[in-house]
Amino acid sequence: MSTSEDTNPEIVKGLIDSALNAALVVIHFNGVTAMADKAFKNIISRTDIKKVNIIWRLDSVMVSYKLNGNSELIMKPVLSIGTSLNGLYKTMELTEDVKNGKVGISDVNSELKKIIALPLIHKRWVYILLDGLAAAFYLKFHHGTFETIMIVLAAAMIGETVRYKLQSMAVPGNRIMFISGIVSAGIASLVLHNGYGTVEITTLIASVIYLVPGLRMINGFIDLISLNYIFIGMQRIVNALYLLLILAVVIMIAFTFTNF
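Residues numbered from 1 in each chain as written. Predicted model: local features only at pLDDT ≥ 70, side-chain atom pairs only at ≥ 80, totals over all residues. Heavy atoms only, no water.

**Comments concerning the side chain of Thr203**
At step 1: As for its placement among the helices and strands, Thr203 is situated in helix α8 (residues 201-207).
At step 2: Residue class for Thr203 comes out buried when judged on its relative accessible area of 2%.
At step 3: Discounting residues that sit within four places of it in the chain, Thr203 has contacts with Leu139, Thr148, Val152, Leu192 and Thr198. (Helix = DSSP H or I, 4+ residues; strand = E, 2+ residues; numbered from the N terminus. Buried < 20%, exposed > 50% of the residue type's maximum accessible area, 1.4 Å probe, protein only. Contact = heavy atoms within 4.5 Å.)

In structure tokens, the structure reads:
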């Protein structure tokens, strides 16, 4: 399919809408903005419209273009941010197939829904265990005792289980961060308060280490240094710092209780 600027406006609008949906899915999977932009351009390459302007934001994306002398505008909210390298790869692969004519424009939205609905590569408990082990090894590197490491392992795994449950309920990210952090740090604090393990703030930090938004901050700096996505890059970094502030509050609350 190759279209020109005198094509039916509804067809062109549908194509741009599909391209925007693909870009939103990339952001949803925590991909950098450059990847989202590439996904958009891969699909938009199926039209001859050249003057397309995109405003990237962490909460929404706006596309403006001209067709037959008329200005058009499409704005859509960003889905809740998650992380899936498999989903990210599948989305980019889909847009490349669209660009090369292997997948029709009319199939893009249905294929994107399939990608979003893809099951995890491993069972959920595997990811929960890995996050628990990450917390345990973090404390091990900070010379935590075996008893304290076991406390952190259990606290992190329980908190991560709560986080997955909240994500399935579409709870906002900042609330997920606070609730999951309170659960993990609260469990560790309660056990430490009762005389088990070593009472150190490092222990509480380890219990919530799985919640640190490192990828979001890295993506923010990548957006910034590209100089093409400064605004959304700043948003990512500010958002990551805000989430870190939530974690800091959670840790201080738990530490205060531990020493109460």
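Having seen it, we continue.
**Points about the packing of helix α1 (residues 9-28) against helix α2 (residues 33-44)**
At step 1: Remark: α1 packs on α2, axes separated minimally by 8 Å, with the N-to-C direction vectors making an angle of 160°. By the criterion of interaxial angle, the relationship of α1 to α2 is roughly antiparallel. Relative to α2, the crossing made by α1 is right-handed. Residues Leu15, Ile16, Ser18, Ala19, Leu20, Ala22, Ala23, Val26 and Ile27 of α1 form the contact with α2, whose own contacting residues are Met35, Ala36, Ala39, Phe40, Ile43 and Ile44.
At step 2: Taken together, the residues of the contact of α1 with α2 sort by class into 14 nonpolar, one polar and no charged. (Axes fitted to C-alpha atoms, helices over the stretch in contact; angles between N-to-C directions. Parallel < 35°, antiparallel > 145°, perpendicular 65-115°, else oblique. Left-handed = near helix turned anticlockwise from the far one by under 90°. Nonpolar A, V, L, I, M, F, W, Y, C, P; charged D, E, K, R; others polar.)

**Thoughts on the layout of surface pockets**
At step 1: Of the volumes computed, that of the largest pocket is approximately 1,700 Å³.
At step 2: Considering the residues around the largest pocket, the lining is formed by 44 residues, among which Ile81, Gly82, Thr83, Tyr164 and Gln167 are closest to the centre.
At step 3: Of all elements in the fold, only α3 (85-99), α4 (108-116), α5 (124-141), α6 (146-168), α7 (173-193), α9 (214-226) and α10 (230-258) reach the threshold of two or more residues within the lining of the largest pocket.
At step 4: By residue number, the principal contributor to the lining of the largest pocket is α6, which donates five residues.
At step 5: Class assignment of the residues belonging to the lining of the largest pocket gives a composition of 25 nonpolar, 14 polar and five charged. (1 Å grid on protein atoms, 1.4 Å probe; cavity = no way out; pocket = protein on both sides within 12 Å on 5 of 7 lines; lining within 4 Å. Points joined across faces, edges and corners; volume = space filled by probe spheres on them.)

**Here's the deal with the pairing of strand β3 (residues 70-77)**
At step 1: Two elements, strand β2 (residues 60-67) and β3, share eight bridges in a ladder whose sense is antiparallel. Bridging from a neighbouring strand, Val61 pairs with Lys76 of β3.
At step 2: The antiparallel hairpin formed by β2 and β3 contains two residues in its connecting segment, where Asn68 sits at a positive phi of about 55°. (Pairing = 2+ DSSP bridges.)

**Notes on unusual backbone geometry**
At step 1: Although it is not a glycine, His143 adopts a positive phi angle of roughly 65°.
At step 2: Here His143 shows up in the loop between α5 and α6.
At step 3: On the accessibility criterion, His143 (73% relative accessible area) is exposed.
At step 4: The backbone phi angle of Leu227 is positive, close to 70°, even though this residue is not glycine.
At step 5: The residue Leu227 is located in the loop between α9 and α10 in this model.

**Observations regarding the side chain of Ser207**
At step 1: On the secondary structure map, Ser207 appears in helix α8.
At step 2: Relative accessible area serves as the criterion here: at 0%, Ser207 is assigned to the buried category.
At step 3: In contact with Ser207, not counting residues within four places along its chain, are Val152, Ala155, Ala156, Ser184, Ala185 and Ala188.

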